Amino acid sequence: MGAAAEMLGATPTFLRALGAAKLIEPRRSGGGHRRYSRYQLRLAARARELVGQGMPVEAACRIIILEDQLAEALRINAARDRPAGH
């Protein structure tokens, strides 16, 4: 967790807050250490950006979840609208 927080320029407490808000749920190593995926680190970086702009953590997490859902819906629609064989 410390290394992830350092990479993001955040604190372990901030990462725990993102977990409590259900934005990210890291896997655990055999020794119990939190392991974050690149995707989770991207979400955390976006959350840090929004919080840095003065947004509460919970609101930032909700916005990120909605942004992610929109991106996935757009990807699905684009794939559906592509002609077969492309």
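Residues numbered from 1 in each chain as written. Predicted model: local features only at pLDDT ≥ 70, side-chain atom pairs only at ≥ 80, totals over all residues. Heavy atoms only, no water.

Student: Lay out the nonpolar core in plain terms, naming residues and giving numbers.
Tutor: One finds L15, L18, L23, I24 and Y36 to be the most contacted residues of the largest nonpolar core, which totals 20 residues. Breaking this core down by element, the ones donating at least two residues are α1 (2-8), α2 (12-20), α3 (38-52) and α4 (57-81). No other element matches the 5 residues that α3 contributes to this core. Dropping the residues within four chain positions of it, L23 is found in contact with L18, L43, A47, C61, I64 and I65. (Core = buried A, V, L, I, M, F, W, Y, C linked by side-chain atoms within 4.5 Å. Buried < 20%, exposed > 50% of the residue type's maximum accessible area, 1.4 Å probe, protein only. Helix = DSSP H or I, 4+ residues; strand = E, 2+ residues; numbered from the N terminus. Contact = heavy atoms within 4.5 Å.)

Student: Lay out the packing of α2 against α3 in plain terms, naming residues and giving numbers.
Tutor: Where α2 meets α3, the closest approach of the two axes is 11 Å, and the angle between their N-to-C directions is 105°. Judged by the angle between their axes, α2 and α3 are roughly perpendicular. Contacts between α2 and α3 involve F14, L15 and L18 from the former and A44, A47, R48 and V51 from the latter. The class makeup of the residues in the contact of α2 with α3 is 6 nonpolar, no polar and 1 charged. (Axes fitted to C-alpha atoms, helices over the stretch in contact; angles between N-to-C directions. Parallel < 35°, antiparallel > 145°, perpendicular 65-115°, else oblique. Nonpolar A, V, L, I, M, F, W, Y, C, P; charged D, E, K, R; others polar.)

Student: Account for unusual backbone geometry, with residues named and values stated.
Tutor: Comment: phi is negative for the bulk of residues other than glycine, and the bulk of peptide bonds are trans. Phi is positive for K22, which is not a glycine, with a value near 65°. Mapped onto the elements of the fold, K22 is located in the loop between α2 and β1 (27-28).

Student: Can you break down α3 residue by residue, with the values?
Tutor: Taking 1.5 Å per residue as the helical rise, α3 with its 15 residues ought to reach 21 Å, and the 21 Å between its terminal C-alpha atoms agrees with that figure. All buried positions along α3 are accounted for by Q40, L41, L43, A44, A47 and L50. G54 sits one or two residues past α3 and shows a positive phi near 100°. (Expected span 1.5 Å × (residues − 1).)

Student: So, the packing of α3 against α4: which residues are in play, and what are the values?
Tutor: In contact at an axis separation of 9 Å, α3 and α4 are set at 130° when each is read in the N-to-C sense. When the axis of α3 is compared with that of α4, the two are oblique. α4 is crossed by α3, and the crossing has right-handed handedness. For the pair α3 and α4, contact is made by Y39, L43, R46, A47, L50 and V51 and by V57, A60, I63, I64, E67 and D68, respectively. (Left-handed = near helix turned anticlockwise from the far one by under 90°.)

Student: Outline the confidence of the model for the chain, supporting the account with residue identities and numerical values.
Tutor: Within the chain, residue pLDDT values average 94, and 98% of them lie at 70 or more. Ranking the elements of the chain by mean pLDDT puts strand β2 (residues 34-35) last, at 92, and α3 first, at 97. (pLDDT = per-residue confidence, 0-100.)

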